[in-house]
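Below are the chains, spelled out letter by letter.
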Amino acid sequence: MGTLVFAAKVEDVKEGEILPLILQETPIALTRVNGEVRAFGDICTHDDGPLAEGYIEDRCVVCPRHGAKFDLETGKPTFPAVKPIPIYRVVIQGDEVWIEMPEASLL
Ligand code: FES
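All values derive from a computational prediction rather than experimental measurement.

Definitions and limits used
Residues numbered from 1 in each chain as written. Predicted model: local features only at pLDDT ≥ 70, side-chain atom pairs only at ≥ 80, totals over all residues. Pairing = 2+ DSSP bridges. Helix = DSSP H or I, 4+ residues; strand = E, 2+ residues; numbered from the N terminus. Axes fitted to C-alpha atoms, helices over the stretch in contact; angles between N-to-C directions. Buried ≥ 20, exposed ≤ 12 C-beta atoms within 10 Å, placed from the backbone. Contact = placed C-beta atoms within 7 Å. Core = buried A, V, L, I, M, F, W, Y, C linked by C-beta atoms within 7 Å.

Visitor: I keep staring at the sheet that holds strand β6 (residues 60-62) and nothing clicks. Help me out?
Guide: Backbone-to-backbone hydrogen bonds join strands into a sheet, with any given pair of strands oriented parallel or antiparallel. The three strands are arranged β5-β6-β7 in an open sheet whose pairing can be described as antiparallel. Only two strands of the sheet have a single partner each, and these edge strands are β5 (55-57) and β7 (69-71). Adjacent strand axes in the sheet meet at a mean angle of 30°, parallel and antiparallel pairs treated alike.

Printed below as a string of structure tokens:
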């Protein structure tokens, strides 16, 4: 069980757009897919590309550097990335988006 951290106002997370944040010194990005807010690690596992500078396509985020696509439900990548990105649990409280940060990232 992690710790809930305030991330953004719900209205600031828009379908098809990517909102980059630093939470607990961790780069995280928010987007909205079919109305649901998603939170994911903002560093490509291929070569550290900034995923928030990429784009959303087919429920995935596409890395702007070499085109790896990461599933926003599972974090699983396509070539050339092989390791998944972290996907964070999102909790909506009123008009606020909160993210569950794993304990390890609080150290
Ligand atoms: S850095 Fe993301 S695909 Fe290469």
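Visitor: Explain the environment of A8 here, please?
Guide: Within the secondary structure, A8 sits in strand β1 (residues 3-9). Assessed through the 18 C-beta atoms surrounding it within 10 Å, A8 is described here as partly exposed. Apart from residues lying up to four places away in sequence, A8 is in contact with V13, L19, L21, L30 and V97.

Visitor: How should unusual backbone geometry be read in this particular structure?
Guide: A negative phi holds for most residues other than glycine; trans holds for most peptide bonds. A cis amide bond links F79 with the next residue in sequence, P80, at an omega value of 10°. Residue placement: P80 occurs in the loop between β7 and β8 (87-93). Positive phi values are uncommon outside glycine, yet D48 reaches one of about 65°.

Visitor: Is there a simple way to think about the pairing of strand β4 (residues 36-41) in this case?
Guide: The two faces of a sheet get side chains in turn, since along a regular strand they alternate between them. Of the pairings in the sheet, the one linking strand β3 (residues 26-33) to β4 comprises six bridges and is antiparallel in character. Paired with L30 across the two strands is A39, which belongs to β4. Here β3 hands over to β4 after two residues, with N34 in that stretch at a positive phi of 50°. Two elements, β4 and β8, share two bridges in a ladder whose sense is antiparallel. Residue pairing for β8: A39 is matched across the bridge by Y88.

Visitor: When you look at the environment of G35 in this model, what are you seeing that I'm missing?
Guide: Counting through the fold element by element, G35 comes out in the loop between β3 and β4. For the pair G35 and V13, spaced 22 residues apart in the sequence, the C-alpha separation amounts to 9.7 Å.

Visitor: Looking at this structure, how should I read the nonpolar core?
Guide: In a soluble, globular protein the nonpolar side chains are often hidden away together inside. Formed by 22 residues in total, the largest nonpolar core has its most connected members in A29, A39 and F40. Looking at this core, the elements with two or more residues in it are β3, β4 and β9 (96-101). What F40 contacts, discounting residues up to four positions off in sequence, is A29, V61, F70, L72, G75, I85, P86, I87 and Y88.

Visitor: Would you mind going over the sheet that holds β3 with me for this structure?
Guide: Spatial ordering of the open sheet is given by β1-β9-β8-β4-β3-β2, a layout of six strands whose pairing is antiparallel. Every other strand in the sheet has two partners, leaving β1 and β2 (19-23) as the edge strands with one partner each. Direction aside, neighbouring strands of the sheet carry axes that sit 35° apart on average. Taken together, the five bridges between β8 and β9 define a ladder with antiparallel strand orientation. Its bridge partner lying in β9, I92 is registered against V97.

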